[in-house]
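# Inside the fold
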Amino acid sequence: MTTTDIELDMIGQHCPMPLLKAKQALASMQRGQVLHVAATDPGSVRDFAAYCQLSGHELLSSELVDGIYYHRIKKTS
């Protein structure tokens, strides 16, 4: 499994905050680093998939565990 470089806790935050904070975090990261986001907003699944497709970052995984969505994004650009 890929190591996580930055963790972002967005539990309890609603759209668009999880995506906005993730974009800010990715902007400060180096290419190849991995961001792990925990969110409770169900829209985050769609938001992160679309954002990664448009931005070129790699969505390593998105999973739901006990009501929390966990997203792992690798910075590729």
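The coordinates are above.
Throughout what follows, the structure given in this document is the object of discussion.

What counts, and where the lines are drawn
- Residues numbered from 1 in each chain as written.
- Predicted model: local features only at pLDDT ≥ 70, side-chain atom pairs only at ≥ 80, totals over all residues.
- Heavy atoms only, no water.
- Buried < 20%, exposed > 50% of the residue type's maximum accessible area, 1.4 Å probe, protein only.
- Helix = DSSP H or I, 4+ residues; strand = E, 2+ residues; numbered from the N terminus.
- Arc of directions from axis to C-beta.
- Contact = heavy atoms within 4.5 Å.
- Salt bridge = Lys/Arg side-chain N within 4 Å of Asp/Glu carboxyl O.
- Pairing = 2+ DSSP bridges.
- Axes fitted to C-alpha atoms, helices over the stretch in contact; angles between N-to-C directions.
- Expected span 1.5 Å × (residues − 1).

Our focus in this paragraph is helix H1 (residues 17-27). When H1 is considered as a whole, its buried residues turn out to be Pro18, Leu19, Ala22, Ala25 and Leu26. Buried residues of H1, viewed axially, fall in a sector of 125 degrees; they line one side. Of the exposed residues in H1, those oriented more than 90 degrees away from the buried face are Gln24 and Ala27. Of the surrounding elements, those touching the buried residues of H1 are strand E1 (6-10), strand E2 (34-39), helix H2 (43-55) and strand E4 (68-74).

Take the environment of Leu26 next. Looking at the element boundaries, Leu26 is found in helix H1. Once residues lying within four places of it in the same chain are set aside, the contact partners of Leu26 are Leu35, Tyr51, His57, Ile73 and Lys75.

With the rule as written, the count across this model stands at 1 salt bridge. Of the charged contacts, one joins Asp47 and Arg46 as a salt bridge, the two residues approaching to 3.3 Å between their closest N and O atoms. The exposure class assigned to Asp47 is buried, which follows from its relative accessible area of 15%. According to the relative accessible area criterion, Arg46 is exposed, its value standing at 55%.

Sheets are built from strands that pair by backbone hydrogen bonding, the pairs being arranged parallel or antiparallel. Read across the open sheet, the 4 strands follow the order E1-E2-E4-E3; overall the sheet is mixed. Of all the strands in the sheet, just E1 and strand E3 (58-65) have a single pairing partner and so form its edges. Strand-to-strand twist across the sheet, computed as the mean angle between neighbouring axes with direction ignored, equals 15 degrees. Here E2 runs beside E4; their pairing, made up of 6 bridges, is antiparallel. Note that in E4 the partner of Leu35 across the bridge is Ile73. Packed on one face of the sheet, H2 meets E2, E3 and E4 and runs near 10 degrees to E4.

Next up on the list: the pairing of E4. Counting buried positions over the 7 residues of E4 gives 5, a clear majority of the element. What sits between the antiparallel neighbours E3 and E4 is a turn of 2 residues, in which Asp66 has the positive phi angle 50 degrees.

Under the 1.5 Å per step criterion, the end-to-end length of H2 is 18 Å for 13 residues, consistent within 8% with the ideal 18 Å. Gly43, Ser44, Asp47, Phe48, Tyr51 and Cys52 are the residues of H2 that are buried. The buried residues of H2 occupy one face: seen down the axis, they fall within an arc of 150 degrees. For H2, the exposed residues set more than 90 degrees away from the buried face come down to Arg46 and Gln53.

Don't take any of this as a statement about function, it's just geometry.
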